[in-house]
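Close look at the chain arrangement
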Amino acid sequence: MRIIIVGAGSLGMMYGLRLARGGTGVTFVTRSGEQASLLAEKGGILVENGEDCHVSVNAVSMASCAALGEEELPSEGDWIWLTVKQAQLTEELLAAVSSLCARGAAVLCLQNGIGHLTRIARGLPAGTRIVPAISTEGALRESPGKVRYTGRGSLTFGALRPDMPGAEEEEITQKMLVDVLSVAGISAELSNQMENRIYEKLLINAVINPLTAIYGVKNGELPLHPVRLRLMSALFIESRAILARVGLNEDAGSWEKVLAVCEATAANESSMLRDVQAGRATEIDWINGGIAALAREAELPSPLNDAVAVMVRALH
Ligand code: KPL
């Protein structure tokens, strides 16, 4: 099985280097030609438990994807992992990924928020197998060639509509990926409740990400101040009510889970805070903006989601 990792940011590098270290054939597709040359010539460095591990990988730039020969393209049984953030899911990127999909590889989508699956499906050739995924692993890219693995978590993926024809055969390919991941020491599980898992992660991101970005604090510091805790709780209650209306299971997405994520990732900066600090576009439109859009469709109020979305947009 070959894995093409599109996007060599923190998540993409962390998974790609761990997979390659475990013996899987990994090719990175990067936005910049410099990063592709660096990774192809020198390999990448994975920092785990304070130790640097040098890993050899293949890498090409997005611009050179279309020029790949037929035999270089991933085929049925291989995977393309889309690890870029929502803001980078541009037409140009999807066109490059389309050229990789010609021989039937499945596409694993690792974005935060909602709305991306529809955009990806529209941008890729009809019939491409699109598999949503949720990651709770922590990673920090320290330079274009180096990533730090900052927190153990797991990867959950599976068909969005497990009752669709063909889902059983697809599950075989998915189980093979779980096996490959396990050989690389990556904890992964299949779920037939991906919509619920996506909403659950959305709820966690909707509370932690905008408030850490606005207050400029690490995840663990967020609940430590009474005013921040009250805001977290109010944003949680509003978001949970909206998500429950559109399909979040009753027993999913608890307040305790939000606090547990803050604790488990205490030393980490949220991805939104990191984006704001780096002057990059954030995922606010697909996290709190996404919840606000669901609220409008369900004719529910979303004043707090609207407010944090306006504030975060003002930060970049
Ligand atoms: O997913 C995250 C993110 O930063 O985007 C959390 C769970 C908040 C961990 O940092």
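As the structure is a prediction and not an experimental result, all values here were calculated from the model. (Residues numbered from 1 in each chain as written. Predicted model: local features only at pLDDT ≥ 70, side-chain atom pairs only at ≥ 80, totals over all residues.)

1. Notes on the overall build of the protein
When its secondary structure is counted, the protein shows 11 helices and 12 strands. With the C-alpha coordinates of the protein rotated into their principal frame, the extents come out at 55 × 45 × 35 Å. When the 316 residues of the protein are sorted by exposure, 45% land in the buried category. Contacts spanning at least 24 positions in sequence make up 72% of the contacts within the protein whose residues lie at least 6 apart. (Helix = DSSP H or I, 4+ residues; strand = E, 2+ residues; numbered from the N terminus. Buried ≥ 20, exposed ≤ 12 C-beta atoms within 10 Å, placed from the backbone. Contact = placed C-beta atoms within 7 Å.)

2. Some remarks on the sheet that holds strand β5 (residues 58–61)
One open sheet accounts for 8 strands, arranged β5-β2-β1-β6-β7-β8-β11-β12; its pairing is mixed. Since the sheet does not close on itself, it has two edges, and those belong to β5 and β12 (188–190), each with one partner. On average, each strand axis in the sheet is tilted by 25 degrees relative to the strand beside it, whichever way the strands run. Pairing of strand β6 (residues 79–82) with strand β7 (residues 106–109) involves 4 bridges; the strand directions are parallel. Note on β7: the bridge partner recorded for W79 is A106. Across the sheet, helix α2 (residues 33–42) lies against β2 (25–30) and β5, angled at about 165 degrees from β5, the strand it touches most. Of the strands in this sheet, β6, β7, β8 (130–135), β11 (155–157) and β12 touch helix α5 (residues 167–183), which is tilted by about 165 degrees from β12. (Pairing = 2+ DSSP bridges. Axes fitted to C-alpha atoms, helices over the stretch in contact; angles between N-to-C directions.)

3. So, the domain arrangement of the protein
When the domains of the protein are assigned, the result is domain 1 (2–190) and domain 2 (194–315). With 17 residues of domain 1 in contact, the opposing surface of domain 2 contributes 16 residues. Mapped onto the side of domain 1 that touches domain 2, the elements with two or more residues apiece are β8 and β10 (146–151). Of the residues in the side of domain 1 that touches domain 2, the class split is 6 nonpolar, 10 polar and 1 charged. (Domains from an automatic or database assignment. Nonpolar A, V, L, I, M, F, W, Y, C, P; charged D, E, K, R; others polar.)

4. Observations concerning the site of the ligand
For the ligand, the full set of nearby residues is N112, I204, N205, I208, N209, N219, V261, T265, N268, S270 and S271. The greatest single-element share of the shell around the ligand, amounting to 4 residues, is contributed by helix α6 (residues 194–215). Taken together, the residues of the shell around the ligand break down into 3 nonpolar, 8 polar and no charged. (Near = placed C-beta within 6 Å.)

5. Observations concerning the sheet that holds strand β4 (residues 51–55)
Strand order in this open sheet of 4 strands is β4-β3-β10-β9, and the pairing throughout is mixed. Both edges of this open sheet fall to β4 and β9 (138–143), since each of them pairs with a single strand only. Taken pair by pair, the neighbouring strands of this sheet meet at an average axis angle of 25 degrees, ignoring direction. Relative to β4, strand β3 (residues 44–48) runs antiparallel, the two being bridged by 5 bridges. Looking at β4, one finds that I45 is bridged to H54. Along the sheet face, helix α1 (residues 10–21) touches β3, β4, β9 and β10 and points at about 95 degrees away from the line of β9.

6. Observations concerning the nonpolar core
I5, I80, W81, L82, L108 and V207 are the most contacted members of the largest nonpolar core, which has 91 residues in total. Not counting chain neighbours up to four residues away, the residues in contact with I80 comprise I4, V6, P74, V97, L100, C101, A105 and V107. (Core = buried A, V, L, I, M, F, W, Y, C linked by C-beta atoms within 7 Å.)

7. Things to note about the packing of α6 against helix α7 (residues 226–246)
Look at α6 against α7: their axes get within 10 Å of each other, and the N-to-C directions meet at 150 degrees. One way to sum up the angle between α6 and α7 is to call them roughly antiparallel. At the point where α6 passes α7, the crossing takes the right-handed sense. Where α6 approaches α7, its residues Y199, L202, L203, A206, V207, L211 and Y215 are matched on the opposing element by R228, L231, M232, L235, F236, S239, R240 and L243. For the contact of α6 with α7, the class distribution of residues is 12 nonpolar, 1 polar and 2 charged. (Parallel < 35°, antiparallel > 145°, perpendicular 65-115°, else oblique. Left-handed = near helix turned anticlockwise from the far one by under 90°.)

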